[in-house]
Each structure stands twice: as C-alpha cells, then as structure tokens.
Amino acid sequence: MRKKIIAGNWKMNYTPKETKAFIDAIKDKVSGTPHEVVFCVPYVDLATALEAVKGTDIKIGAQNIHQEDKGAFTGEISADMLVEIGVTHVVIGHSERRQYFGETDLGVNAKAKKSLAKGLVPIICVGESLDQRKQGVTIDIVRLQTRIAFLDIPEGDAKKCVVAYEPIWAIGTGLTASSDQAEEACKAIRDVLGEIYGTAVSDEIRIQYGGSVTASNASELFKMPDIDGGLVGGASLKPDFEKIVNF
Ligand code: 13P
C-alpha cells in the first residue's frame, strides 16, 4: 500500500511572518494523519516553516534546486543548502518553471538526479497544455516527460521519487481534470515507469494529481487507484487545506 502524499505548493506566496501564522493555525489539524503532508514554501520561508512544524510529522519542501553542487550561479540554491537546514522534499520541473523559466525535460532529469544524490525527495511534475489535450497527445506527452525525467535514475532511487501529474489547463483555473481523466494520465505514468523498472517498482512510486484540487474534489480524485494524493496550489494557502488532507 502506498502512503498518500499531500503537498501544498505555496508558489510565490506568504512572507515569513505569514508563514508562521498560517502553519501555527493549521498544524494540529494536518499532522498525525495517515498521510505524508508537505509544505513546499518559498526559500526565504523555509527556516520559519521548519521551526513552526517542529514536533509534528509535517515535512518542509522547497520549490526548486540548481542541478550543480555549487559555484557561479547567481540567484540559485543548492541541494546541500536545503538539506543542511532540514528540508526533505523539492518540487522539480513545475510547469510554471518550464513555462516562465525555460526549464527543459533534460534539466528536470538533472535536478531530479541531484535531489536524489543529496537525499531529497523530488516531486517531479509532468502534464500537458490545453492545446496538447485538444490535439489528443496527452498520454504521449506525459509518457515522454516521465521517461526523460527518469533517465539514468536507478530503480532504488526511482522508488523514492514522487511524480505529480498536473495538467497545465487545470492549474489555477478552477478547472479540474475529472477523476477519470486524472486517473488515465496517472495510470499512463505508472505504466511507463513499469516499462522502465518493472511493476514491483512502479507499484511503489507515488503519483499525485495537481490542478485546482479543493476540499470538494479531493476525495473523489484521491480515491482513484493510481492517484496517491495531491499537489495543491491555491487551496494549500487556506484553512480549507485541512479538509483536503483529511479528505
Ligand atoms: P492550483 O491548485 O492552484 O491549481 O495549483 C496547482 C499546482 O500548480 C500545484 O503545483
């Protein structure tokens, strides 16, 4: 049985003060659950968030890393920096990073490998645009993105990864993939992982759905056989996140 993982991707929201206030208000309601709960917060909020969740089972994640260990990469953050302060997870290849910051499939692969080498759990994002869905290539796209993201990742590391299926047209739009659409894509991701690693491994890899998850649609999505939780944007910034975690 895969443990569900419900992660909030705060994106560029909340200052450190707001971070403390939000986590203090919600932490008792989203800790001690059967699920893994992660807040992926802006870099400057990490220390505050880590302090705020002390004594709970809530994990703290970052939203990106650089693929190199260190060096002349102005404005970037390394995996070692995150690990040293207690960060355990990192979102890799979010569609906003692909769209606005030029991240590529191979860059995502490099970042996933670096995360694993440093002991961070990568939450690897894949998903199609609205045009791609209309063109009928959704499954081809998520298969290709998944295949490239996992290039040269050995099976022992693959098991530690989380994949987030996030259809771009459902992000921040209030449009949610139906549970059948989400399941179809998540199953396709599991199938391609099965082709690479065998089903014993692909059955262990957790696959989340992301894209306008709310308290009212979470349970329908999360009960699908290949959906192991969610990567939640807007709704993870609200008190209702508690209802998503306790779906
Ligand atoms: P929303 O839940 O706001 O649609 O965002 C989803 C997302 O991008 C999570 O990474």
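Our subject in this report is the structure included herewith.

Rules used in this analysis
Residues numbered from 1 in each chain as written. Predicted model: local features only at pLDDT ≥ 70, side-chain atom pairs only at ≥ 80, totals over all residues. Heavy atoms only, no water. Buried < 20%, exposed > 50% of the residue type's maximum accessible area, 1.4 Å probe, protein only. Helix = DSSP H or I, 4+ residues; strand = E, 2+ residues; numbered from the N terminus. Pairing = 2+ DSSP bridges. Near = heavy atom within 4 Å. Polar contact = N/O pair within 3.5 Å; in protein donor to acceptor, adjacent residues only side chain to side chain. Areas by Shrake-Rupley, 256 points an atom, 1.4 Å probe, with all protein chains shown as cover. 1 Å grid on protein atoms, 1.4 Å probe; cavity = no way out; pocket = protein on both sides within 12 Å on 5 of 7 lines; lining within 4 Å. Points joined across faces, edges and corners; volume = space filled by probe spheres on them. Nonpolar A, V, L, I, M, F, W, Y, C, P; charged D, E, K, R; others polar.

**Notes on the pairing of strand E5 (residues 121-126)**
Step number 1: The element E5 is extensively covered by neighbouring structure, given that six of its six residues are classed as buried.
Step number 2: Here four bridges tie strand E4 (residues 89-92) to E5, and the two strands are oriented parallel to one another. What sits directly across from Ile 92, in E5, is Ile 124.

**What about the site of the ligand?**
Step number 1: Taken together, 13 residues lie near the ligand, and His 94, Glu 166, Gly 172, Ser 212 and Gly 234 sit nearest.
Step number 2: The side chain of Lys 11 places a nitrogen or oxygen atom 2.8 Å from an oxygen atom of the ligand.
Step number 3: A distance of 2.9 Å is found between an oxygen atom of the ligand and a backbone nitrogen or oxygen belonging to Gly 233.
Step number 4: Burial of the ligand by the surrounding chains reaches 95%, relative to a free accessible area of 310 Å².

**Remarks on the layout of surface pockets**
Step number 1: Roughly 410 Å³ of internal volume is contained in the largest pocket.
Step number 2: Along the wall of the largest pocket there are 15 residues; nearest its centre are Lys 11, Met 12, Gln 63, Arg 97 and Phe 101.
Step number 3: The biggest single contributor to the lining of the largest pocket is helix H4 (residues 95-100), with three residues.
Step number 4: A class-by-class count of the residues in the lining of the largest pocket yields eight nonpolar, four polar and three charged.
Step number 5: Within this model, the second largest pocket holds a volume of roughly 200 Å³.
Step number 6: Around the second largest pocket, the lining comprises 16 residues; the ones closest to its centre are Ile 171, Gly 172, Ser 212, Gly 233 and Gly 234.
Step number 7: Class assignment of the residues belonging to the lining of the second largest pocket gives a composition of five nonpolar, eight polar and three charged.

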